[in-house]
Amino acid sequence: MLVTLNLQFFAGEKTEKATPKKRQDARKKGQVLKSQDVTSAIVLFAVFMYLFFAGPSMRERLLSFFRETLSHNILIETLSISSVVEMYKDIMFEVAVVLLPIMLTAVVAAVAANFFQFGLLFTVEPLKFDLKKIDPIKGFKRIFSMKAIIELIKSILKISFIGTVTTMIIFLNIEDVLSLSFKTPGDTLTTIAKLAAIMGLSASVVLLIISILDYFYQRFDYEKNLKMSKQDVKDEYKNSEGDPLIKSKIKQRQREMAMRRMMQEIPHADVVITNPTHYAIALKYDDSKMAAPVVVAKGTDFVAQKIKLIAKENGVVMVENRPLARAMYDQVQINQKIPDEFFKAVAEVLAYVYRIKRKI
């Protein structure tokens, strides 16, 4: 009993790699190899790269907008509904020109990051309502799980490294930072924007390095969660290919039906060629319908004896021809015409059978 329990324990242990079907089913459910940190790092890097290169044009656009607002819109003496609507349209257009490229850059970067991680995938499975997701016991376990601890360590690493890098950038540019109070508002904004862009790019590079390590961890965790037990592999094979026991029974039933049909054709045969004990071949020939004799039944050992018994009960002539019976058994299938090489030998046998029948 102890051995049985141990075997059952090991049978349920997930030690096998996931099969292609298991991976495909998991993908359909939205369970794919993905690191959120990779996506965040790429999006952050793409946005700050855009700001770094497009910053001057954005600054000129914003300055032009403020000049127009302060020099024209603020001096309007009488406001009407139409003038306010036009003013609102102009403001929204300027805001869209500045913000939409940033948002578009973030969207493209996010889509590209996810595409490179797991390809093109669209599924609504993760959006379905599942009571297990709000189970307080499982939620409590997730909070104090090993995965939660690893996420905490990752967060600490990100804060530490990003904080260190940004502090170093400020320290390296400490003279520019301390001289901000002596600069004009325009130069102050330019310096702050430049430092912010450099810090953003540096932080995104650091996050990208951390995300690469996170990707390898996510791949390890993904493969671990997909692992299957030996019983799971067997069950999947049964579901996809069919239960081997049922398949064997179906094949056995098919063989039995084919055997019955074959035995039903023996009484209509013209001759049974025997070995005489090990092989039996039943032939039928109708010169008005057939171009050559056809094998209607064949068998060895027990089946051969059964063929001979049915032939004897129905008065079918049996002829002993050892080499012909053996050769035809190997080369001709049931309901198949005999090949040309057997025409002469079979013709002699049929001629002999017809002579016997005429005498009878």
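Every chain is numbered independently, its residues counted from 1 as its sequence is written. This being a predicted model, a pLDDT of at least 70 is required before a residue's local features are given, and a value of 80 or more before pairs of side-chain atoms are given or counted; all residues contribute to the totals for chains, interfaces and linings. Derived side-chain values reflect all non-hydrogen atoms in the structure, with water molecules and hydrogen atoms excluded from consideration.

1. Brief notes about the UniProt feature "transmembrane region" (unreviewed entry) in the protein chain
Argument step 1. Cross-referencing UniProt, the feature "transmembrane region" (unreviewed entry) maps to residues 38–58, 95–124, 148–172 and 192–217 in the present numbering.
Argument step 2. Numbered from the N terminus, helices here are DSSP runs of H or I no shorter than four residues, and strands are runs of E no shorter than two. Between the C-alpha atoms that bound residues 38–58 the distance is 28 Å, and the span itself is 100% helix and 0% strand.
Argument step 3. In residues 192–217, the share of helix is 100% and the share of strand is 0%. The end C-alpha atoms are 37 Å apart. UniProt positions are given in the numbering used here, feature names are shortened, and annotations may be inferred rather than shown by experiment.

2. Considerations on the packing of aromatic side chains
Argument step 1. Centre distance within 6.5 Å is the pairing criterion for rings of Phe, Tyr and Trp, where only the six-membered ring of Trp is used; planes under 30 degrees apart are then read as stacked, over 60 as edge-to-face, and the remainder as tilted. Tallying each qualifying case throughout the model produces four aromatic pairs.
Argument step 2. Where Phe-115 meets Phe-116, the ring centres are 6.0 Å apart and the plane angle is 70°; that geometry is what we call edge-to-face.
Argument step 3. The exposed category is assigned to Phe-116, whose relative accessible area is 69%.
Argument step 4. Seen from their ring centres, Tyr-279 and Tyr-329 are 5.2 Å apart, and the 65° between their planes marks the pair as edge-to-face. You can see Tyr-279 sitting in strand E4 (residues 279–284) and its partner Tyr-329 sitting in helix H12 (residues 322–331), a full 50 residues away along the chain. A simple rule labels every residue: compare its accessible area, found with a 1.4 Å probe on the protein chains alone, to the largest value its type can have, and call it buried under 20%, exposed over 50%, or partly exposed in between.

3. Some points on the sheet that holds strand E6 (residues 317–320)
Argument step 1. Pairing is mixed in the open sheet, where four strands are placed in the order E5-E4-E3-E6. Of all the strands in the sheet, the pair left with one neighbour each is strand E5 (294–300) and E6. For this sheet the average axis-to-axis angle between neighbouring strands, irrespective of direction, equals 20°.
Argument step 2. Pairs of strands are assigned from DSSP output, requiring at least two bridges between the strands. Sheet topology note: the E4/E5 ladder contains six bridges and is antiparallel. Looking at E5, one finds that Ala-280 is bridged to Gly-299.
Argument step 3. Here helix H11 (residues 301–313) sits on the sheet in contact with strand E3 (271–274), E4, E5 and E6, set at roughly 130° to E5.
Argument step 4. A contact between two residues is defined here by any heavy atoms of the two lying within 4.5 Å. Between N-to-C directions, angles span 0 to 180 degrees; the directions come from axes that are lines fitted to C-alpha atoms, helices contributing only their stretch in contact. Along the sheet face, H12 touches E3, E4, E5 and E6 and points at about 80° away from the line of E4.

4. Details of unusual backbone geometry
Argument step 1. If you check the backbone angles, Asp-301 has positive phi at about 50° while not being a glycine.
Argument step 2. Note on placement: Asp-301 falls in helix H11.
Argument step 3. Look at Asp-301 and you get partly exposed, because its relative accessible area is 44%.
Argument step 4. At Asn-335, a position not held by glycine, the phi torsion is positive, near 65°.

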